[in-house]
Amino acid sequence: FLAAPTLCFQLEYPRTEKIRKMFILKRIGELLLGGIFITVVALQFHIPLMNSSLDYFQRRSFLNLIETVIRLTIPSLYMWLVGFFCFFHCWFNLTAELLRYGDRQFYLEWWNCRDLNEYWRLWNLPVHNWFIRHVYNPLLKRGISKAFAMNIVFLVSAILHEYLVTKSLHNLLLHRSAFQFNTSPSGLSQQ
């Protein structure tokens, strides 16, 4: 997934004619600037706020902890958006260009979504397409209802994401999976 911008195997993919060197240099520049931005925001906001929150934990000052969480929201949002841009736009387009991979649709306009179901479909198309092809459609072919198949997709997704994060960060925090899985029923209730 990190080396090629797709998760679905096919015998043939759309291909581009040539590798554009300026396009590659632009994506590398954007990656570097994005990495610098994320580092500066982390050093300027996250680390000092997190260090101060340790004292709040020891003093059990919950109002200060809530204030810290609120003060972290904007820098965290900026870091998430720039990280998304670096990964889904810069990195995927860079690898796609190097591999002459022609299909460059890695995300759609998730920022305009009206509900959670639409968000989950649009923000990460390589993973969404993999789940549709290898989990959701086979479940529908077996006669399982759409709602139950969607819940199974969210459960499998939560388990796989938890496994990947646990392996890479060497910690098991099941609240990540619980939060992700709970967005499935809330998405159903929005319909």
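In what follows, the structure referred to is the one given above.
Residues numbered from 1 in each chain as written. Predicted model: local features only at pLDDT ≥ 70, side-chain atom pairs only at ≥ 80, totals over all residues. Heavy atoms only, no water.

Chemist: For the overall build of the chain, give the residues involved together with the corresponding values.
Modeler: When helices and strands are counted, the chain shows six helices and zero strands. Ordered by position from N to C terminus, the α and β elements of the chain give α-α-α-α-α-α. For the chain, with 191 residues in total, the buried portion stands at 31%. Put simply, of all contacts in the chain between residues at least 6 apart along the chain, 64% involve residues at least 24 apart. When the accessible surface of the chain is split by element, carbon and sulfur atoms take 67% of a total near 12900 Å². (Helix = DSSP H or I, 4+ residues; strand = E, 2+ residues; numbered from the N terminus. Buried < 20%, exposed > 50% of the residue type's maximum accessible area, 1.4 Å probe, protein only. Contact = heavy atoms within 4.5 Å. Areas by Shrake-Rupley, 256 points an atom, 1.4 Å probe, with all protein chains shown as cover.)

Chemist: Describe the packing of helix α4 (residues 125–141) against helix α5 (residues 146–169), with residues and values.
Modeler: Packing of α4 against α5 leaves a shortest axis separation of 9 Å and a crossing angle of 140°. Here α4 lies oblique to α5, going by the angle between them. As α4 packs across α5, the resulting crossing turns out to be right-handed. For the pair α4 and α5, contact is made by W130, F131, V135, Y136, L139 and L140 and by K146, A149, M150, I152, V153, V156, S157 and L160, respectively. For the contact of α4 with α5, the residue count by class is 12 nonpolar, one polar and one charged. (Axes fitted to C-alpha atoms, helices over the stretch in contact; angles between N-to-C directions. Parallel < 35°, antiparallel > 145°, perpendicular 65-115°, else oblique. Left-handed = near helix turned anticlockwise from the far one by under 90°. Nonpolar A, V, L, I, M, F, W, Y, C, P; charged D, E, K, R; others polar.)

Chemist: Could you give an account of helix α2 (residues 62–98), with specific residues and numbers?
Modeler: Here α2 is 37 residues long and its end C-alpha atoms lie 50 Å apart, about the 54 Å a rise of 1.5 Å per residue gives. Most pronounced at T73, the bend in α2 amounts to some 35°, and the proline P75 follows within four residues. Just downstream of α2, R100 is the residue with a positive phi angle, here 55°. (Expected span 1.5 Å × (residues − 1). Bend = angle between axes of the 7 residues up to and from the residue.)

Chemist: Give a detailed account of α4, specifying residues and quantitative values.
Modeler: Taken as a whole, α4 carries its principal kink of about 40° at I132. Buried-residue contacts for α4 involve α2, α3 (116–122) and α5. Two residues or fewer after α4 comes G143, characterised by a positive phi angle close to 90°.

Chemist: Could you give me a rundown of the nonpolar core, with the residues and numbers involved?
Modeler: Counting 10 residues, the largest nonpolar core is built from F84, F88, F92, A96, Y101, F106, W110, Y119, L122 and W123. Elements with a minimum of two residues in this core: α2 and α3. Per-element accounting of this core gives the leading share, four residues, to α2. In this view, Y119 contacts W80, W110 and C113; residues no more than four positions away in its chain are not counted. Core analysis: the second largest hydrophobic core is formed by seven residues, V135, Y136, A149 and V153 among them. (Core = buried A, V, L, I, M, F, W, Y, C linked by side-chain atoms within 4.5 Å.)

Chemist: Please provide a residue-by-residue account of the pattern of salt bridges, values included.
Modeler: In this structure the tally under the stated criterion is six salt bridges. Two residues, R59 and D55, come together in a salt bridge whose shortest N-O distance is 3.1 Å. Taken together, the positions of R59 and D55, both in helix α1 (residues 21–59) and four residues apart, correspond to about one turn of that helix. Each of the salt bridges in this network shares a partner with another, and the network as a whole consists of R20, E97 and R104. (Salt bridge = Lys/Arg side-chain N within 4 Å of Asp/Glu carboxyl O.)

Geometry only, nothing functional implied.
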